[in-house]
Amino acid sequence: MAYRVTKSAGEALRSIGALSTVGLAFVLAIVIGAWFGSVLDGWLGTKPVFFIVFFFLGLAAGMLNVFRTVARTAPRGPAPGKTRPGEAGPSDREFRGPDE
Amino acid sequence: MSNAANFPILSLTLFTPAIGALLLLFIRRTQEHVIRWVANIFAVAGFLVSLPLWFWYDAGERQFQFIERLPWIPSIGAEYFLGVDGFSVLLVLLTTLMGVIAILSSWTAITERVKEYYIFLLVLQTGMIGAFVSLDFLLFFLFFEVMLVPMYFLIGIWGSDRRLYSAIKFFLYTLVGSVVMLLGILAIYFHHAGVTGVYTFDITKFHQMSAPYNLQWWVFLAFFLGFSIKVPMFPFHTWLPDAHTDAPTAGSVILAAILLKMGTYGFIRFSLPILPEATRAFVPMMVLLSVIGIIYGALVAMAQKDWKRLVAYSSVSHMGMVMLGMFALNPVGVTGSIVQQLNHGISTGALFMIVGIVYERRHTRMIAEYGGLSKVMPVYAAVFMVMTMSSIGLPTLNGFIGEFLILQGVFVVDKVWALLAGSGIILGAAYMLWLYQRTMFGKVENPKNEALPDLNVREFATFVPLIILAVWIGLYPKPFLDRLVPTVTNVMERINPAYASAAAALAAKDCADNQPASAFLTAPCGDAAGGETASPPSLPSTGEAEPAGQPPPASQPKTAPHDPSPTGAR
Amino acid sequence: MPAWFSLNDLYYLTPELMLAGAALVVLVLRAILPRDNQGILSWFALAALVATGAAVVTMTGTTPVSVSRGLIAVDSFAAFFKLLFLLAAALTILMSTRYLEVEGASPGEYVFLVLCATLGMMFMAGGTDLISIFVGLETMAIAFYILTGMLKPNRRSNEAAVKYFILGTFSLGLLLYGMSLMYGFTGTTNLRAIAVALASQGRDGWLVLAVVMIVAGVGFKIAAVPFHMWAPDVYEGAPTPITAFLSVGSKAASFSMLLRILVEGLPAASADWTLLLYVLSVLTMTVGNIAALTQSNIKRMLAYSSIAHAGYVLIGVIAGTPRGIASTLIYLMVYAFMQMGAFAVVVMMRRADAIGDELKDLSGLFSRQPGAALGMLVFMLSLGGIPPTAGFMGKFWLFSAAIDANYVWLAVIGVLNSVVSIYYYLRVVVFMFMKSEATGSEPAIGPALTAALAVGVVGTLVLGVYPRPLFELAEVSARTLGVVGIPATPF
């Protein structure tokens, strides 16, 4: 694969560090969501509505965590190859983060 | 005189403009002269093919006529189902006529992107005719929405000032209403299917259906949103001044003369007969909004500095009148409402053209820029005078007939409503005459106005049919009123059965000759009517009494869970 | 004991085998042919897609057939989707020929991967077993990961591929987790067998958990909010024809999978998944449309619009009635025409000296390329649901299904959303028709692209005016869902 995450070893280490937390962040969000939902259900006696909803939201939040981490570490910057050398073209756009 | 050969005249009327638009696609855009000629020829052809509708229409027949019926989407029961009654005949004729006028009036006004302009106008024409002749609800909706796109372009490309803003505002406003209306259509569609087991969008079937009150109530709201935005009624009118002001002249003319009628047509064709009980329940709200519209529109019109905007606000006021007459829910009121729709098309359409003519010469619409034009442009001033008089309801001109019938219809229901509406008419006279005075009389103070050319032959020609119609309806409205009897009777039968029998008797005896209005009212002219039901409602002697647009208790539908009487009116 | 595969099974799998064979031939030819002649591969793939389509039509009888011991169904439902995928793939390849030249990429592995993705989709639509569905899904997904990053020197493309890959893997994991829970709960992976088992076992917490995970996994694939965050970046970064294919083919395939799993396998849990999908649908429509309002990049705008459209389509699934399922099918087919068409115009804007995917690049397009501009007008109106376009007919069906099934508020939210969406679709129209011309070279439109555009326009308009054949086809197809799938003998 022709993509290099970073240039220096330090940055590489940081990226590895960030990426290694992905699994944890993902699972943690789900567990928190599910736990919160079941607590709410316990209080309100609505079992299992809130459990379902918050478990679901936990999944979404977990995904979002993963996405954020990936967006931080993915290759970015100007996109060479969009314009042919020597030809005038629109300038390259900046990378855009996730829009929520 | 009838459609002996079973000629598909409605389809022909419907597709003539579309064929013209298609043909224009293949003409090179540089040949502007050819394009103009082709567009005009097709507009005139469209009018000519629609003319037999006037002669062949049989006013003694209560069913829809010139029926054309083909399967379209059988699996959901949608059909290509066309047909007209007296009401839609008049609107179709008005549409084809205004099409000719609008297209002719654009000859010199439009100089860029001529080809697209005429294509959009012709497509718009097809959309409008389609909405008036469809008897399939889905087909109606299709045409109802198709109109938006060409109008959007007409305003957005050839408009003035804030055209993009006005165009999108027009589009979104109307769209919100129509999509909600679509849900209403679906609701009665499924209700009808649930009751009868037949999936159909046939409007005549819906006309015979009695839906539960609860459903009617919601569907009425949905339809109300769709149609009242189009009319436009008071709180939903804000798109109209913008769209009118920024549209090119022909766009404003079509918008005022035809598109607004789509809303009132919708009420009379759909809301009233399909949802009679809900309609009665909503009378207080509708009347209130109409009256507010009449007075508010007039007051705001008075304050306008922009000529075209003034005419636009006068439209709000006039359409309030139309709605008020309709929701008197008696034959006179509804007849007056329909006549006034035609009148509004004629006079407001003409007024927009009048603005357009000076705008083309001076490129400003500010009233203050003009003054003393009657000396420079005498013919123009004369035409303007006729149309002003028509608009403010001077006797012998068309506006009088409509407003008189409406007031008469409203009067028997509630005197206060009539009084308020009457004050709106007075205000209307005030702002129109003031406008006339400011622009036509006095000295020519602005040097730019000194050499303005008067109307040329083409411009004058665009006014001739409108003036003829204004005088015709003003002096001898009988042919028009006769054609409306079946429609009004049918609507009354659903909404106010006591009146229906009276109206039917009237149609049979043809005693509407000279004074149709009072004949309707004093009901049985002869012995007919009241026989099978209770006696026709007596006129309330005080404004306090419950509205007379009320059927006698015996004929009230028993299924209505709520009291459908509009008791909140006063 | 019936054999795993009989000749009979192979006969019914002819379309899939044909496509797989064609993909392999492309791979071989790519190695043999000189680099200059690789353009011919596109035409070969196109022919293969058409032939496969013919085979699909031939193989599908009126009575559904179950092959490979209930792994795969050959029914009208699958055939409807297969034709949709083949259409989308063919349009993708038509759109790609010139685009690849401009980008300087070789068509060899590109075409191969498009065919592989299509093959995966076909298994997803036909699969009546969690395993076969998952295998199809993986086949499709892996092909798309690579296709997204196909423009090797382009960082945006790389970035999109990485994001898509990592998030896609997580979502597939989720889906697989749900499936394994389902297996643990019922002891089978066959959808019909699951339905039977659940009918007798009743509801249970673990079942709910499995449903939630499956819905979330599929929700990611169809880019439903809140699982949509990847879509704009991926859509923007991927090669434009692939973006189109992704938003049409992948989405339709995921919907076919969703329908198979939920309607065929989990009717017992319908209360749970209806609730979830309801929330998902409302969020998706609303967030998608509102986010699309502010976009200045066409690909991003179409990405958000595509998210919103997933929300609309979910309405049909929620309704769950035959009418609802038929409306889902109809809308996805209609969507294929209009969305592919819109992307064809975006592809056209890509020139040697311009990326052409900003809204302002479309300025004055009408005077430069009237045909393309008119086509785009049709697509935008159709996406917004204005008659007489197919988009209106599609929305009409969705909303009527919702009203029929008594989801009135869902329909109200849906129509209001479609009004909001009109605003940004008309913005495109404003740029094309009402703004002065943009600078840069003339957008060129080759024969292949013209063909793609024409298919889109004709499909959108014809289905808008005369939708009868599509409606009838969809209704027939919807009825075959869930008819077959029980294996002759349990494992």
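Residues numbered from 1 in each chain as written. Chains lettered and ligands numbered in written order. Predicted model: local features only at pLDDT ≥ 70, side-chain atom pairs only at ≥ 80, totals over all residues.

Undergrad: Mind laying out the overall build of chain B, listing which residues take part and the relevant values?
TA: Scanning chain B from N- to C-terminus turns up 23 helices and 2 strands. Out of the 570 residues belonging to chain B, those deemed buried represent 60%. In chain B, the proportion of contacts linking residues at least 24 apart, taken out of those at least 6 apart, comes to 77%. (Helix = DSSP H or I, 4+ residues; strand = E, 2+ residues; numbered from the N terminus. Buried ≥ 20, exposed ≤ 12 C-beta atoms within 10 Å, placed from the backbone. Contact = placed C-beta atoms within 7 Å.)

Undergrad: Hey, could you go over the overall build of chain C for me, with residue numbers and the actual values?
TA: Scanning chain C from terminus to terminus reveals 20 helices and 2 strands. For a compact globule of 491 residues, the expected C-alpha radius of gyration is about 23 Å, and chain C comes in at 21 Å, within 12% of that figure. When the 491 residues of chain C are sorted by exposure, 69% land in the buried category. Taking as baseline every contact in chain C between residues at least 6 positions apart, the subset at least 24 positions apart corresponds to 81%. (Rg over C-alpha atoms; globule rule 2.2 N^0.38 Å.)

Undergrad: Can you break down the confidence of the model for chain C residue by residue, with the values?
TA: All names here are of chain C. Looking at chain C, pLDDT values average 89 and 97% of them are 70 or higher. This stretch, residues 485-491, has a pLDDT under 50; its non-local contacts, to residues over four places away or in other chains, come to 17 contacts. Across the interfaces of the predicted complex, the ipTM metric reaches 0.90, alongside a pTM of 0.88. (pLDDT = per-residue confidence, 0-100.)

Undergrad: Which residues make up the environment of Tyr57(B), and what values go with them?
TA: Residue and element names in this part refer to chain B. Among the structural elements, Tyr 57 can be located in the loop between α3 (52-56) and β1 (65-73). The spacing of Tyr 57 and Val 84 is 27 residues in sequence and 8.9 Å in space, taken between C-alpha atoms. In this structure Tyr 57 touches Gln 65, Gly 86, Val 89 and Arg 483, once residues within four positions along its chain are discounted.

Undergrad: Talk me through helix α6 (residues 137-146) of chain B; I want residue IDs and the actual numbers.
TA: All names here are of chain B. Extensive coverage of α6 is indicated by the burial of 10 of its 10 residues. If you check which residues of α6 are buried, you get Phe 137, Leu 138, Leu 139, Phe 140, Phe 141, Leu 142, Phe 143, Phe 144, Glu 145 and Val 146. Summarising the contacts, the buried residues of α6 are in contact with β2 (78-84), α5 (114-133), α7 (148-158), α8 (163-196), α9 (203-207) and α12 (249-274).

Undergrad: Can you lay out the packing of helix α13 (residues 298-319) of chain C against helix α17 (residues 390-404) of chain C for me, pointing to particular residues and giving the numbers?
TA: All names here are of chain C. Their axes nearest at 9 Å, the elements α13 and α17 cross at an angle of 35 degrees. Here α13 and α17 pass one another in a crossing that is left-handed. Residues Tyr 312, Ile 315, Gly 316 and Ala 319 of α13 form the contact with α17, whose participating residues are Lys 395, Leu 398, Ala 401, Ala 402 and Asp 404. Here the contact of α13 with α17 is composed, by residue class, of 6 nonpolar, 1 polar and 2 charged. (Axes fitted to C-alpha atoms, helices over the stretch in contact; angles between N-to-C directions. Left-handed = near helix turned anticlockwise from the far one by under 90°. Nonpolar A, V, L, I, M, F, W, Y, C, P; charged D, E, K, R; others polar.)

Undergrad: Tell me about the nonpolar core, and please be specific about residues and values.
TA: Formed by 433 residues in total, the largest nonpolar core has its most connected members in Phe56(A), Leu324(B), Leu84(C), Leu115(C), Val212(C), Ala336(C) and Ala402(C). Element by element, the count of residues in this core is highest for helix α14 (residues 322-349) of chain C, at 21 residues. When neighbours within four sequence positions are excluded, Ala402(C) is seen to be in contact with Ile315(C), Ala319(C), Tyr407(C), Leu410(C), Ala411(C) and Gly414(C). (Core = buried A, V, L, I, M, F, W, Y, C linked by C-beta atoms within 7 Å.)

Undergrad: Which residues make up the interface of chain B and chain C, and what are the values?
TA: Counting residues at the interface gives 24 residues for chain B, matched by 24 residues for chain C. Counting residues per element, the ones that place at least two in the side of chain B that touches chain C are α6, α7 and α8 of chain B. Looking at the side of chain B that touches chain C, its residues break down into 21 nonpolar, 2 polar and 1 charged.

Undergrad: Could you give an account of helix α16 (residues 370-384) of chain C, naming the residues involved and the relevant values?
TA: Residues and elements named next belong to chain C. Here α16 is 15 residues long and its end C-alpha atoms lie 21 Å apart, about the 21 Å a rise of 1.5 Å per residue gives. All of the buried residues along α16 are Ala 372, Ala 373, Gly 375, Met 376, Leu 377, Val 378, Phe 379, Met 380, Leu 381, Ser 382, Leu 383 and Gly 384. The first or second residue beyond α16 is Gly 385, which carries a positive phi of 85 degrees. (Expected span 1.5 Å × (residues − 1).)

Undergrad: Go over the environment of Gly197(B), please, and point to the residues and values.
TA: Checked against the element boundaries, Gly197(B) lands in the loop between α8 and α9. Of the residues examined, Gly197(B) has 7 C-beta atoms within 10 Å and is grouped as exposed.

Undergrad: Can you break down the confidence of the model for chain B residue by residue, with the values?
TA: Counting all residues, the mean pLDDT for chain B is 84, and 87% of those residues have values of 70 or more. Every residue in residues 508-570 of chain B is under pLDDT 50, and counting partners more than four places away or in other chains gives 113 contacts.

Undergrad: Can you tell me about the environment of Pro447(C), naming the residues and giving the values?
TA: All names here are of chain C. By secondary structure assignment, the location of Pro 447 is in helix α19 (residues 447-465). Classification of Pro 447 by C-beta neighbours within 10 Å gives exposed; the count is 10. As for Pro 447 and Thr 97, which are separated by 350 residues in sequence, their C-alpha atoms are 10.0 Å apart.

Undergrad: Outline the pairing of β2(B), supporting the account with residue identities and numerical values.
TA: Within β2(B), 5 of the 7 residues are buried, which leaves it mostly tucked inside the rest of the structure. Hairpin remark: β1(B) followed by β2(B), antiparallel, with 4 residues in the connecting loop; positive phi at Gly77(B), about 80 degrees. (Pairing = 2+ DSSP bridges.)

Undergrad: Outline the packing of α12(B) against helix α15 (residues 331-362) of chain B, supporting the account with residue identities and numerical values.
TA: Residue and element names in this part refer to chain B. Between α12 and α15, the least distance of the axes is 7 Å, while the angle of their chain directions is 165 degrees. By the angle between their axes, α12 is roughly antiparallel relative to α15. Where α12 crosses over α15, the two elements pack in a sense that is right-handed. Mapping the contact onto sequence places Thr 249, Ser 252, Val 253, Ala 256, Ala 257, Ile 258, Lys 261, Thr 264 and Ile 268 in α12 and Val 334, Ser 337, Gln 341, Gly 345, Thr 348, Gly 349, Phe 352, Met 353, Gly 356 and Tyr 359 in α15. Across the contact of α12 with α15, the residue classes break down as 9 nonpolar, 9 polar and 1 charged. (Parallel < 35°, antiparallel > 145°, perpendicular 65-115°, else oblique.)

Undergrad: Lay out the pairing of β1(B) with the relevant residues and their values.
TA: Two strands pair when backbone bridges link them, and β1(B) and β2(B) are joined in this way by 6 bridges, in the antiparallel orientation. The partner of Glu68(B) across the bridge, within β2(B), is Leu82(B).

Undergrad: Hey, could you go over unusual backbone geometry for me, with residue numbers and the actual values?
TA: With an omega dihedral of -10 degrees, the bond running from Val231(B) to Pro232(B) counts as a cis peptide bond. Residue placement: Pro232(B) occurs in the loop between α10 (213-230) and α11 (239-246). Pro226(C) follows Val225(C) through a cis peptide bond whose omega is 5 degrees. Mapping Pro226(C) onto the fold places it in the loop between α9 (205-221) and α10 (230-237). Its identity is not glycine, yet His363(B) carries a phi of approximately 55 degrees, on the positive side. Judged by C-beta crowding, with 9 C-beta atoms within 10 Å, His363(B) ranks as exposed.

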